[in-house]
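Observations on the model geometry
For reference, the chains in residue letters:
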Amino acid sequence: MLRLIANRILQAAPVIVVVSILAFLLINLLPGDPAVVIAGDQASPEAIAAVRHNLGLDKPLIEQLGIWFLHLLQGNFGASLMLNQSVVSAMGERLPVTLSLALLSIAITLPIGIFAGAVAAYYRQTWIDSTVMTLALLGVSAPAFWVAILSIILFSVTLRWFPTGGYTPFMQDPVLWLRSLVLPAVMLSLFQIGFLARMTRSAMLDVLSQDYVRTARAKGLGEWKTVSKHAFRNALILIVTAIGILLSTAIGGSVVIEQVFALPGVGRLVVQGILARDYPLVQGVMLIYGFAFVLINLAVDLIYTVADPRVRYD
Amino acid sequence: MADLRRRDFTRGALALSALTWLPLSVGSAAADPKKGGILAYATVSGPGGLDPHVSSSAVELEVIHNLFEPLVTLDNQNATKTMLAAKASASADAKTYTFELRKGVKFHNGDEMTSADVQASMERYGRVSPNAANLAGVERYETPDPYTFVIHLKEPNVVLLDVMKAPVFPFMILPASQKDKPARGVDVIGTGPFMLGEWVKDSHLVIKRFDGYSADQSAPGRDGYAGRKTAYLDAVNFRFMPEATTRIAALQTNEAQLAGSIPFELRGKIEDHPELAIREIFPLGGVYIIVNSQYGATANLGIRQALAAAIDISEISDAVGGINKPNPWMSYPNTPYYPGDQTPAPWYDQKNPAKAKELLAKAGYNNEKIIIETNSNYQWMRTTMLVVAEQLKAAGANVDVRIVDWTTNASHMQQGTGEWNLSTTLFGPEHILGPQQWRPLIYAFSNIKGNDALDADYKAFFADPDLKNRREIWVKIQQEVLGGGYMIKIADTGRLLGYAKKLKGQSDYAGILQLWDLWLE
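No experiment lies behind these values; they were computed from the predicted model shown. Note on numbering: residues in each chain are counted from 1, in written sequence order. Chains carry letters from A onward and ligands carry numbers from 1 onward, assigned in written order. Given that this is a predicted model, residues contribute local features only at a pLDDT of at least 70 and side-chain atom pairs are listed and counted only at 80 or more, while totals for whole chains, interfaces and linings are drawn from all residues.

1. Concerning the overall build of chain B
The numbering of helices and of strands both runs from the N terminus, where a helix is a DSSP run of H or I of at least 4 residues and a strand a run of E of at least 2. A count of helices and strands for chain B gives 14 helices and 22 strands. Values of the radius of gyration come from C-alpha atoms, whereas the globule rule sets the reference at 2.2 Å times the count of residues to the power 0.38. The C-alpha atoms of chain B give 23 Å as radius of gyration, which agrees with the globular expectation for 521 residues (24 Å, within 12%). Along the three orthogonal principal directions, the C-alpha set of chain B runs to about 70 × 60 × 40 Å. In chain B, buried positions account for 55% of the 521 residues. At a minimum sequence separation of 6, the contacts of chain B that also span at least 24 residues come to 73%. With C-beta atoms placed from the backbone, a residue counts as buried when 20 or more other C-beta atoms lie within 10 Å of its own, as exposed when 12 or fewer do, and as partly exposed for counts between those limits. By definition, residues are in contact whenever their C-beta atoms, placed on the basis of the backbone, come within 7 Å of each other.

2. Things to note about helix α4 (residues 61-73) of chain A
By this rule the span expected of a helix is its residue count minus one, scaled by 1.5 Å. In this model α4 of chain A runs 18 Å from its N-terminal to its C-terminal C-alpha over 13 residues, within 8% of the 18 Å that 1.5 Å per residue would give. Phi for G75 of chain A, located one or two positions after α4 of chain A, is positive at around 80 degrees.

3. Focus: the pairing of strand β8 (residues 148-153) of chain B
Residues and elements named next belong to chain B. Residues of β8 alternate between two faces, with F149, I151 and L153 buried on one and T148, V150 and H152 left unburied on the opposite face. Between any two strands, pairing holds if DSSP finds at least two bridges. Taken together, the five bridges between strand β6 (residues 96-101) and β8 define a ladder with antiparallel strand orientation. Counterpart to E100 in the pairing with β8 is T148. Both strand β7 (residues 138-145) and β8 contribute to a ladder of five bridges, which runs antiparallel. Paired with V138 across the two strands is L153, which belongs to β8. What sits between the antiparallel neighbours β7 and β8 is a turn of two residues.

4. Observations concerning the domain arrangement of chain A
Residue and element names in this part refer to chain A. Once the domains are mapped, chain A shows domain 1 (17-73) and domain 2 (95-307). An automatic or database domain assignment supplies the residue ranges for each domain. Its C-alpha centre places domain 1 at a distance of 36 Å from the equivalent point of domain 2. With twelve residues of domain 1 at the contact, the number on the domain 2 side is nine residues. The set of elements that each furnish at least two residues to the side of domain 1 that touches domain 2 consists of α1 (2-29) and α2 (34-39). Per element, the largest residue contribution to the side of domain 1 that touches domain 2 is six residues, and it comes from α1. For this scheme, ten residues count as nonpolar: Ala, Val, Leu, Ile, Met, Phe, Trp, Tyr, Cys and Pro. Four count as charged, namely Asp, Glu, Lys and Arg, and the remainder, Gly too, count as polar. Broken down by class, the residue content of the side of domain 1 that touches domain 2 amounts to eight nonpolar, three polar and one charged.

5. Observations regarding the interface of chain A and chain B
Chain A puts 39 residues into the contact, and the matching count from chain B is 37 residues. Only α2, α3 (45-55), α5 (87-122), α7 (144-158), α11 (255-260) and α12 (266-275) of chain A provide two or more residues apiece to the side of chain A that touches chain B. When the residues that make up the side of chain A that touches chain B are grouped by side-chain class, the tally is 22 nonpolar, ten polar and seven charged.

6. Some words on the packing of α7 of chain A against helix α4 (residues 244-252) of chain B
Contact pair α7 of chain A / α4 of chain B: the axes reach a minimum separation of 10 Å and the direction vectors enclose 5 degrees. Judged by the angle between their axes, α7 of chain A and α4 of chain B are roughly parallel. Contacts between α7 of chain A and α4 of chain B pair I149, I152, I153, S156 and V157 of chain A from the former with T245, T246, A249 and Q252 of chain B from the latter. Here the contact of α7 of chain A with α4 of chain B is composed, by residue class, of five nonpolar, four polar and no charged. To obtain each axis, a line is fitted to C-alpha atoms, and for helices this fit is confined to the stretch in contact; angles are then taken between N-to-C directions over 0 to 180 degrees. Geometric relationships in this document are graded by angle, where less than 35 degrees denotes roughly parallel, more than 145 denotes roughly antiparallel, 65 to 115 denotes roughly perpendicular, and other angles denote oblique.

7. Comments concerning the nonpolar core
Across soluble globular proteins, nonpolar side chains show a tendency to be buried alongside one another. Throughout this description, the term nonpolar core refers to a group of buried Ala, Val, Leu, Ile, Met, Phe, Trp, Tyr and Cys residues whose C-beta atoms join them within 7 Å. Formed by 224 residues in total, the largest nonpolar core has its most connected members in L71, L251, I289 and M487 of chain B. Top contributing element to this core by residue count: helix α8 (residues 174-208) of chain A, with 16 residues. Residues in contact with L251 of chain B, not counting those within four places in the same chain, are A42, A256, A259, I270, L276, G498 and A500 of chain B.

8. Observations concerning the domain arrangement of chain B
All names here are of chain B. The domain architecture assigned to chain B consists of domain 1 (2-242 + 501-520) and domain 2 (283-494). The C-alpha-based centres of domain 1 and domain 2 are spaced at 31 Å. At the junction of the two partners, domain 1 supplies 16 residues and domain 2 supplies 16 residues. Residue classes in the side of domain 1 that touches domain 2 are distributed as twelve nonpolar, three polar and one charged.

9. A word on the environment of G117 of chain A
All names here are of chain A. By secondary structure assignment, the location of G117 is in helix α5. For G117, a count of 29 C-beta atoms within 10 Å translates into the label buried. Setting aside residues up to four positions removed in sequence, G117 forms contacts with L196, A197, R198, M199, T200, R201 and M204.

10. Here's the deal with the packing of α8 of chain A against helix α10 (residues 223-252) of chain A
Residues and elements named next belong to chain A. Their axes nearest at 9 Å, the elements α8 and α10 cross at an angle of 155 degrees. Put simply, α8 runs roughly antiparallel to α10. With respect to the hand of their crossing, α8 and α10 are arranged in right-handed fashion. Residues L188, Q192, F195, L196, M199, T200, A203, M204, V207 and L208 of α8 touch α10, and the partners they reach there are A231, N234, A235, L238, I239, A242, L246 and A250. Looking at the contact of α8 with α10, its residues break down into 15 nonpolar, three polar and no charged. Less than a right angle of anticlockwise turn of the near helix away from the far helix marks a crossing as left-handed, whereas a clockwise turn marks it as right-handed.

11. Let's talk about helix α9 (residues 379-394) of chain B
Residues and elements named next belong to chain B. End to end, α9 covers 23 Å across 16 residues, agreeing with the expected 22 Å (1.5 Å per residue, within 8%). Taken together, the buried positions of α9 are M381, T384, M385, V388, Q391 and L392. Along the axis of α9, the buried positions cluster into a sector of 115 degrees, meaning they face one direction only. Where α9 ends, the next residue or the one after it, G396, has phi of about 95 degrees, a positive value. Here the arc refers to the directions that run from the helix axis out to each C-beta atom.

12. Some thoughts on the confidence of the model for chain A
Within chain A, residue pLDDT values average 86, and 97% of them lie at 70 or more. Here pLDDT means the predictor's own confidence in every residue, given as a number from 0 to 100. The spread of mean pLDDT over the elements of chain A runs between α2 of chain A, the lowest at 75, and α7 of chain A, the highest at 93.

13. Re unusual backbone geometry
All names here are of chain B. A cis geometry characterises the amide bond from F282 onward to P283, with omega recorded as -5 degrees. Within the element layout of this structure, P283 appears in strand β15 (residues 276-291). The backbone of D349 sits at a positive phi, close to 50 degrees, despite the residue not being glycine. Overall, the presence of 19 C-beta atoms within 10 Å leaves D349 in the partly exposed class.

14. Notes on the confidence of the model for chain B
Residues and elements named next belong to chain B. When pLDDT is averaged along chain B, the result is 89; 93% of the residues meet or exceed 70. Of all helices and strands in chain B, the one with the weakest mean pLDDT is strand β1 (residues 2-5) (46), whereas β8 scores best (98). Scored below 50 in pLDDT, residues 5-29 makes 57 contacts in the model with residues more than four places away or belonging to other chains. Taken together, the chains of this predicted complex give a pTM of 0.85 and an interface ipTM of 0.81.

Below is the structure:
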């Protein structure tokens, strides 16, 4: 197991290097100039040039890339131009929000998505299947922005169950923390539930038609045991893969939800960084995201070995 | 020597206009102010930093103007008024400015403000501010005693106080200990009625009442950015909510009592609520088409003037919506430099495609591409330029509309880079400040180079002590800029603020957010 982890981390190194080069080039190739954003509307060309010089943006691109790599090797991810703080500290302040949101939404998604998908597969081509799949399709295709706003109007303004927006840290008040996250997490999980239900249904359909399931039934095993022990267990590989994808998108793709619910998470930070052409911030966050996705993939691979004993990496 | 005193400086040779102190307020002015309470203000986004000397961003200035104070500032008629200075005077040759400081003014750290702090602040401003060019004419500073500060200039500058009252890149006074701090690196210590509390980036920022605040007791009450300020609220919590619907929902649920930037089409959501109301803030700024005078066909004066002839302002205003009022000038009505309704402005709102076509032919237009650059971030800018594109097409221009993001768009306009002929932007409070604040914008945005008439007019403006003459020069400058098609004025525009009716004491002065003299019933 340790060898597997070490191997995977070694294999991830070139991925991280490519991600970091892409992150650097993509943000630097965008038109627009952070010096203009920092210097302000009324700044003279001389003032803008001075800002650019102070930030080292007047150096050739390849030299800037070299300096960035040198700093990375020293564990220095750089400092945000717009926030005047280190990228790691800016990320550290916002990561708890994004992680809380992602994990809560996954916690909501897993039981509902898997159960709905399994039920749809079991009752395939019945009204139950059609209803579940229609709802799943709605969840996948409804614009998160629109649904989130409707949910605020209903649950916050009309029913007053939840706050309209904002975030309370867990250590400050666990109840308020939960209240501030329930609505955004539910909204984020709508897409995820739809996705996971469809993946689970597909995986379960494959398995339910296998010989060993028929054999289990023939030898008189109860339906619950047949489905849960023989069918579901064998469908897990695909479901675990789907969960890995969902976790990645929940961490990286909650921008819209963070925006609507005014949550100070990493998604909003990246969007602001891109708009302000905050090169070090966007590069640093993309690199840290790269690490996170590699770790999630590694975790998924490890779970494969638990879910299916036939999977071996040695 | 011309003296500028609180409530009594209109006699001075450098004064801008006659003014009277007018107490203006929204809602019930009769109710007794009540101390206490926390106001939650739902605003679009939070500040990146709180360094007043480098700040031009509206979200930063909304906080900064409640924490810091300058020597001179704007009153509710937008004229110059002393704030931390008790008296400001200029020598007859306009080369020496003397400021007598108010005594007993405390910083948030408890230290008393003296001339050493003022000198350190001015020196820091000259080192770090993007607006430092305005201090280029300073020969030296002098502090003869702890309550006197003197600026010696190399050349006469009759509008130095008008420059120093600017609310953008404000000349705020910081403790001398901040002198060597880098841009965006200051400790947030001012003399304002509020002091910085908790600040969680991207989430919220709290400012607390500064109980040691030294109000200007000589003034009868609030007066624009000046006057006697009283902080009634215990604290103000700026909550950063990018979505307008969320801000309105926060007002409706009383999670916020004040909400900024309400879209015009959503004002009904607030007006229909019995406990909420809308406040129109007008004028917020002026909307202009920027014409790139250094690129392609629009380098040609005749073509620029032809394009201006095709513009129909009412069509644009109807399409964009919101609060828009036509005004051909670069100054607002009722401000010192407004040329008046009778002064002819033939370049404005011509709505004449036939004339435009004729002028294009006369200017030798050969169907070159007129590239309109706009952005995906601001819908009103996009709508404006799409309507403009159709108006220019009707005049026979070969128009190409390109949409980029705002950062790119702004960078292109300000630096004159990229390939574009026309774009659009909104200029904020420069209208109320006057020609001295307009100068860098005029030269930068339209990329004006080699216009000797404009250069000469500005040189004359800065040297002429007579306001009447300066007004006439300002008309000539506008004739050059607008008549020469470097910029095409669209309209003056405003914005909407939503508030709970229990929030009392709001002024209808259209300045940057002022939280003093507000209280919660």
